[in-house]
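# Examining the three-dimensional arrangement
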Amino acid sequence: MDQEPYLKRSSASCRLILLLAALTILQTANSQEAHENDTAMARQLLIHRGEVYLSFPATPDEVNMLSNMLSVCSYSGDTAIVNVCSTEFELFLRQGIPFSVILPVVHREEEAERDKDVFFPVKGEWNYYPLYSEYVEMMESWAEEYPDICTLVDAGGTVEGRSILFLVLTGNRKHDHPKPRFMYSSTMHGDETVGYVLMLRLIEYLLRGYPGDPMVERLLDNVEVWINPLANPDGAYHGGDGNTIVSPRRRNANNIDLNRNFPLTGQTEYDTEGRQPETVVMVDLMEETHFLLSANIHTGAEVMNYPWDTWDRRHADDLWFYYICREYVDTAWHYSPDGYMTLLGGVTHGAGWYKINGGRQDFVTYYTGGREVTMEISDTKHPLPGRLPDYWEYNWRSLLGYMEQAMFGLRGRVTDAATGEPVAARIEIPGHDRDSSHVYSCDSTGWYFRLAVEGSYDIVFSAEGYHSRQFDNVQVWNRDTTILNVQLVPVTTYILDRQGEFDASLEIRSSKGGLIHAEALLPGELPVMVGLYDISGRKLKDVYRGYAGPGALIFKIDAGSIRPGIYIIRMDYGDSFLGRRIFITN
């Protein structure tokens, strides 16, 4: 056998193996050096900013595992992005996952001028980020300029003492029934700034369009609109002089991710003890105001995300959530360039993207009886201000259309069948509702609102002390309103008469002008008590107490302060009593 060719091939193979080994060693050294550099860079950012963004490859299961300890911000194409504080960063390092640091965005004036559209800040074009003082002045001046349709609400303070402001917009204040309440809130992550400016521009658009613009008139005449442009002002105005958006950060001044700070979904009870001031402000407002529909506006991706973020299982109204999100995205697609809002087809069930705990949309939807989605409207968290008009053009029609959804679905008033008084009732769709998806009527007005996708529903109305009522095959249509008013009958049946040893009579002679005239005939001298009761048997007024008879006992009842409705006049005498129903009309 000729050994020379073999020896040459063997020698070449050895050289190749040695080269590959050397490259592997070099690559490992470079990789180790890169890891050390990224780690050092991350620690420097944590010292100066308190947070850092990391990017790394991950599977869906790995992302959901990490979301229990870190703030996952986005997941696309097998790449995850997380935001960590110092403690979380050390936890992350223990996982041994290779990562890259994402540098924070800093926009200074000279950078803005290099924007392809050339940056010339013009108030009417909304191509700039306002100073914090300017933002507050805008909100105050709008409330002063449009007092008939606009009210400024300072919902509470942040860690650093800035205000969480809402403008409440509504027209036709003589509306004959309560309006559903709607809320937009933006930038609870301080470095997600597109929605901040879009909400300011939306406020201006609504104020200038009322009256005159048919769509705006229809919205404000039928919906009470709350807009909070800036839910995390401390994060947005982090760095710089505290009045200018230079290098915003995600977290609040206590270094907490506010969209992981709400009470966990699925508990029987919750409280706000130990939670951040901004979270407490939102929870208190939502408990008091009960928004029917709301949206939490973010950036860092382009997709509509609906509940649940917490669980894989779907919300009872999953089809309705998908429908309203699909409508938003389809409209945005029509007015935006190809590729906008296409992540996951533009719409996702939250946990189908990645899971989070302590998010606001799940809190609102599970605990308050409302419905909330998360709108991710820009891949770029904090774009150059010259890009802001583009995002307005892509989204303003969709924003109005989403608000309009608060006008649709099933609604009506639940009242006491005897008195006409409002009843706080539970409204439930058997076999459909789950995970707290039922709603309640308002205890002070009796009005309820139930959002639902088009279909036919069996609906049960129930309340403590009342017989339940079920209405079958109630039809609901998309983009339309079904009215269903309901009267519930009290469970208590009032016994009007119980004759004992003595016979007597009780007659109502007249009732007008708030004064009731009645007469009783008694067979002998007896202890007598006369009272006015509501239909459930609760005494409202003592009318007479003492001995009377034999013969006639004439008495008057001043019912001027009693609400119109059906009542009982009851006379107890000896071991017997008599009652008479009366309808009071003041």
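Everything discussed here concerns the structure shown above.
Report on the accompanying structure. Source: prediction; values computed, not measured.

For the rest of this paragraph, the subject is the overall build of the protein. Along the backbone of the protein there are 13 helices and 28 strands. Per element, the accessible surface of the protein, about 26500 Å² overall, is 51% carbon and sulfur.

Another aspect to go through is the packing of helix α9 (residues 277–289) against helix α12 (residues 360–367). Packed helices, taken two at a time, are described by their axes: the angle between them and the distance between them. At a minimum axis distance of 11 Å, the contact between α9 and α12 shows a crossing angle of 25°. With respect to α12, the axis of α9 lies roughly parallel. α12 is crossed by α9, and the crossing has right-handed handedness. Where α9 abuts α12, its residues Met 282, Val 283 and Met 286 lie against Arg 360, Phe 363 and Val 364. Class assignment of the residues belonging to the contact of α9 with α12 gives a composition of five nonpolar, no polar and one charged.

As enumerated under the stated definition, the model contains six cavities of 30 Å³ or more in all. The calculated volume of the largest cavity comes to roughly 180 Å³. What lines the largest cavity is a set of 19 residues, and nearest its centre among them are Cys 73, Asn 259, Arg 260, Tyr 354 and Glu 376. Those elements that place two or more of their residues in the lining of the largest cavity are β2 (71–76), α11 (350–353) and β12 (371–378).

Moving on to the sheet that holds strand β10 (residues 301–306). Pairing is mixed in the open sheet, where eight strands are placed in the order β5-β6-β8-β7-β9-β12-β10-β11. Strands at the two margins of the open sheet, each flanked by one partner only, are β5 (150–157) and β11 (347–349). Strand-to-strand twist across the sheet, computed as the mean angle between neighbouring axes with direction ignored, equals 20°. Where β10 meets β11, three bridges bridge the pair, whose relative direction is parallel.

Below, the discussion takes up the pairing of β12. Side chains on a regular strand alternate between the two faces of the sheet. Judged by how many residues are buried, β12 sits mostly within the fold: eight of eight residues are covered. Pairing between strand β9 (residues 293–298) and β12: six bridges, direction parallel. Bridge pairing in β12 places Ser 294 opposite Glu 372. Here β10 runs beside β12; their pairing, made up of five bridges, is antiparallel. Bridge pairing in β12 links Ala 301 to Ser 378.

Quantified by volume, the largest pocket comes out at close to 790 Å³. Along its surface, the largest pocket is lined by 31 residues, and His 290, Thr 368, Tyr 440, Ser 441 and Cys 442 are the ones closest to its centre. Where the lining of the largest pocket is concerned, the elements lending two or more residues are α9, α12, β15 (439–440) and β16 (447–450). With three residues, the top contributor of residues to the lining of the largest pocket is β16. Of the residues in the lining of the largest pocket, the class split is 14 nonpolar, twelve polar and five charged. Inspection of the lining of the largest pocket shows a minimum of three residues originating in each of domain 2 (132–407) and domain 3 (410–467). In this structure, the second largest pocket is lined by 22 residues; those nearest its centre are Asp 416, Thr 419, Glu 421, Asp 534 and Arg 538. The class makeup of the residues in the lining of the second largest pocket is eleven nonpolar, five polar and six charged.

Procedures and definitions
- Residues numbered from 1 in each chain as written.
- Predicted model: local features only at pLDDT ≥ 70, side-chain atom pairs only at ≥ 80, totals over all residues.
- Heavy atoms only, no water.
- Helix = DSSP H or I, 4+ residues; strand = E, 2+ residues; numbered from the N terminus.
- Areas by Shrake-Rupley, 256 points an atom, 1.4 Å probe, with all protein chains shown as cover.
- Axes fitted to C-alpha atoms, helices over the stretch in contact; angles between N-to-C directions.
- Parallel < 35°, antiparallel > 145°, perpendicular 65-115°, else oblique.
- Left-handed = near helix turned anticlockwise from the far one by under 90°.
- Contact = heavy atoms within 4.5 Å.
- Nonpolar A, V, L, I, M, F, W, Y, C, P; charged D, E, K, R; others polar.
- 1 Å grid on protein atoms, 1.4 Å probe; cavity = no way out; pocket = protein on both sides within 12 Å on 5 of 7 lines; lining within 4 Å.
- Points joined across faces, edges and corners; volume = space filled by probe spheres on them.
- Pairing = 2+ DSSP bridges.
- Buried < 20%, exposed > 50% of the residue type's maximum accessible area, 1.4 Å probe, protein only.
- Domains from an automatic or database assignment.

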